[in-house]
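So you can see what is in the structure, the chains are spelled out below.
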Amino acid sequence: MPQNVLIIEDSLSSMKMMRDLLIKAKLNPICAQNLTEAKYVFSSSSPESFLCAIVDYDLPDAPRGQAIDFTLRSFLPTIVVARHLDDDIREVILKKDIIDYITKENEQVYEYLSRLLSRLEKNKKVGVLVVDALRSRRTAMVSLLRRHNFITFESADAEQALATMQKFSIIKLLIVDDEGLPRVSGIELLSLLRREYKKEDLAFIGMTLLKKPGLSARYIKSGANDFLLKPYCHEEFFSRVMQHVEYMENIELIRRAADSDFLTGLPNRRYFFEKVETHQKHKPQRQALAILDIDHFKAINDTYGHDCGDYSLKEIAKLVAFHFADFTAARFGGEEFCVYFANQDPSHAHQALEQFRTALATKVFKFEKNTFHCTVSIGLTHQTKDGISGMIRLADKHLYLAKNNGRNQIATDC
């Protein structure tokens with residue numbers, strides 16, 4: 001069920017733009033044209049159902065931001081919109097615990113609003129670690145981050161920070177104030193982290209005093225993603241944080257596209273080799289590799305068409321993903337799939353493959369008005385003498401035997 005967003009806005013044209021934006025973002029707009037109406041519609045809904053509120057600073061019955069105070073008292077994360085924003089109004093708004101503000105200058109500002117709303121939902125899965133020797137400074141930064149729904153962690157020194165990193169894999173960003181850190185400096189902490197985490201996997205923002213410009217350069221040269229000069233304004237703080245979190249998400253999307261088979265969504269051949277080679281560096285005691293080839297797949301394409309062939313591969317890929325979720329499985333190309341088993345007894349690998357073979361043979365495929373079945377032939381090897389290339393050659397040899405012996409079976413060397 002979509003989350004609610006409370007809109008308090010007296011301009012019908014602005015309200016319509018925001019409503020359309022929220023509906024496009026799959027959120028449910030709850031609209032009010034003044035503070036009185038907002039109190040009524042909010043009380044008629046469950047408070048937990050709201051993601052946030054979008055509030056006009058100047059309303060007929062709340063001309064000086066009183067509606068903002070209402071939403072904040074109601075524990076609603078609040079985004080402020082304003083027709084005009086002079087320095088005095090901006091200062092008043094920023095003293096409140098709001099997420100951010102936008103001015104109704106042009107349609108482009110609503111694109112920023114859309115981005116902000118999207119982040120509020122995504123941030124619920126992003127961990128941020130604040131490292132600062134002074135509790136009051138940590139508390140101030142954590143308070144800002146929580147307005148944006150980030151999962152927050154705190155450390156008073158580098159040792160605590162490293163321990164927290166090992167415990168919580170959800171952490172994607174560190175904000176480190178070097179001032180007063182005992183024993184291990186922020187630069188030294190950064191150096192330790194960069195041995196394990198790349199810039200696109202863990203963002204690091206260093207903080208430094210304005211009177212120490214050389215430290216910011218040292219941060220960047222040592223592998224930091226960014227730095228902030230103190231004192232900082234909260235708008236710049238959020239802009240830097242949002243920029244680097246989005247950067248990491250975009251890199252992850254690119255990685256997934258590069259590592260995935262376009263049709264089925266399974267890992268592709270290149271990713272498979274990288275993953276298996278990584279496993280083999282740890283010298284697992286037992287290994288197995290299987291090649292799975294769909295029987296008579298050409299006949300499906302010839303009989304029902306290539307769209308049906310694509311449908312069949314997608315359905316088979318779902319079974320592959322389900323049955324081999326604990327192993328390394330990939331689409332190798334055409335109608336061929338490959339599965340690698342590390343630290344598994346030969347009987348366990350054979351059992352998992354047999355369960356898959358049976359599940360596929362009994363599955364009913366339905367495409368348009370056609371109903372049909374698929375089977376699979378499997379070649380399995382446990383011999384590891386010549387590494388991954390040798391395992392593939394042996395598995396392919398056993399697959400050939402399974403085909404020649406009547407298909408819909410497993411041929412193995414154990």
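The notes below deal with the structure included here. (Residues numbered from 1 in each chain as written. Predicted model: local features only at pLDDT ≥ 70, side-chain atom pairs only at ≥ 80, totals over all residues. Heavy atoms only, no water.)

**Notes on helix α5 (residues 108-122)**
Count 3.6 residues to each turn of an α-helix, and residues three or four apart come out pointing the same way.
Reasoning step 1: If you check α5, its first and last C-alpha atoms are 22 Å apart, about what 15 residues at 1.5 Å a residue would give, namely 21 Å.
Reasoning step 2: Along α5, the residues that are buried comprise Val-109, Tyr-110, Leu-113, Leu-116, Leu-117, Arg-119 and Leu-120. (Helix = DSSP H or I, 4+ residues; strand = E, 2+ residues; numbered from the N terminus. Expected span 1.5 Å × (residues − 1). Buried < 20%, exposed > 50% of the residue type's maximum accessible area, 1.4 Å probe, protein only.)

**Focus: the nonpolar core**
Reasoning step 1: By size, the foremost hydrophobic cluster in this structure holds 32 residues, and its most contacted members are Leu-292 and Phe-324.
Reasoning step 2: Those elements that provide at least two residues to this core are β11 (287-294), α12 (297-304), α13 (306-323), β13 (336-342), α14 (346-362), β14 (365-367) and β16 (376-381).
Reasoning step 3: With seven residues, the top contributor of residues to this core is α13.
Reasoning step 4: The residues touching Leu-292, leaving out its near neighbours within four places in the chain, are Phe-324, Glu-335, Glu-336, Phe-337, Val-339, Leu-353, Phe-356, Val-376, Ser-377 and Ile-378. (Core = buried A, V, L, I, M, F, W, Y, C linked by side-chain atoms within 4.5 Å. Contact = heavy atoms within 4.5 Å.)

**Details of unusual backbone geometry**
Reasoning step 1: The peptide bond linking Lys-230 to Pro-231 adopts the cis configuration, its omega dihedral lying at -5°.
Reasoning step 2: Structurally, the position occupied by Pro-231 is in the loop between β10 (226-230) and α10 (234-259).
Reasoning step 3: Phi angles above zero are rare outside glycine, and Arg-183 is one such case at about 65°.
Reasoning step 4: Counting through the fold element by element, Arg-183 comes out in the loop between β8 (171-177) and α8 (186-194).

**Considering the sheet that holds strand β9 (residues 203-209)**
Reasoning step 1: Strand order in this open sheet of five strands is β7-β6-β8-β9-β10, and the pairing throughout is parallel. Of all the strands in the sheet, just β7 (151-155) and β10 have a single pairing partner and so form its edges. Ignoring strand direction, the axes of neighbouring strands in this sheet form an average angle of 20°.
Reasoning step 2: Summarising the sheet, strand β6 (residues 127-131) and β8 pair through five bridges and their orientation is parallel. From the neighbouring strand, Val-130 faces β8, where its bridge partner is Ile-175.
Reasoning step 3: Sheet strands touched by helix α6 (residues 135-147): β6, β7, β8, β9 and β10. Its angle to β7, the strand with the most contacts, is close to 170°.
Reasoning step 4: Strands β8, β9 and β10 of the sheet are contacted by α10, whose axis makes an angle of about 170° with β10. (Pairing = 2+ DSSP bridges. Axes fitted to C-alpha atoms, helices over the stretch in contact; angles between N-to-C directions.)

**A look at the sheet that holds strand β3 (residues 50-56)**
Reasoning step 1: Taken in spatial order, the five strands line up as β2-β1-β3-β4-β5 in an open sheet, and their pairing is parallel. Two strands close off the open sheet at either side, each with one partner strand: β2 (28-32) and β5 (100-103). On average, adjacent strands in this sheet sit at an angle of 20° to one another, irrespective of strand direction.
Reasoning step 2: Where strand β4 (residues 78-82) and β5 come together, four bridges link them in parallel fashion. Of the residues in β5, the one forming a bridge with Ala-82 is Thr-103.

**Looking at the packing of aromatic side chains**
Centre-to-centre distance and the angle between the planes together describe a pair of aromatic rings.
Reasoning step 1: Going through the model one piece at a time under the given rule, you end up with 16 aromatic pairs.
Reasoning step 2: Between Tyr-304 and Phe-372, the aromatic rings sit 5.0 Å apart at their centres with planes inclined by 20°, giving stacked as the arrangement. Taken together, the residues span a long stretch of sequence, with Tyr-304 in helix α12 and Phe-372 in strand β15 (residues 370-372) at a distance of 68 residues.
Reasoning step 3: Residue classification places Phe-372 among the buried positions, given a relative accessible area of 6%.
Reasoning step 4: Taken together, the ring pairs connect Tyr-304, Tyr-311, Phe-365, Phe-367 and Phe-372 into an aromatic cluster.
Reasoning step 5: Lying across the ring of Phe-332, Arg-269 places its NZ or CZ 4.2 Å from the centre.
Reasoning step 6: Over the ring of Phe-365 we find Lys-363, and its NZ or CZ is 5.3 Å from the ring centre. (Phe/Tyr/Trp six-rings, centres within 6.5 Å; stacked < 30°, edge-to-face > 60°. Lys NZ or Arg CZ within 6 Å of the ring centre and 35° of its normal.)

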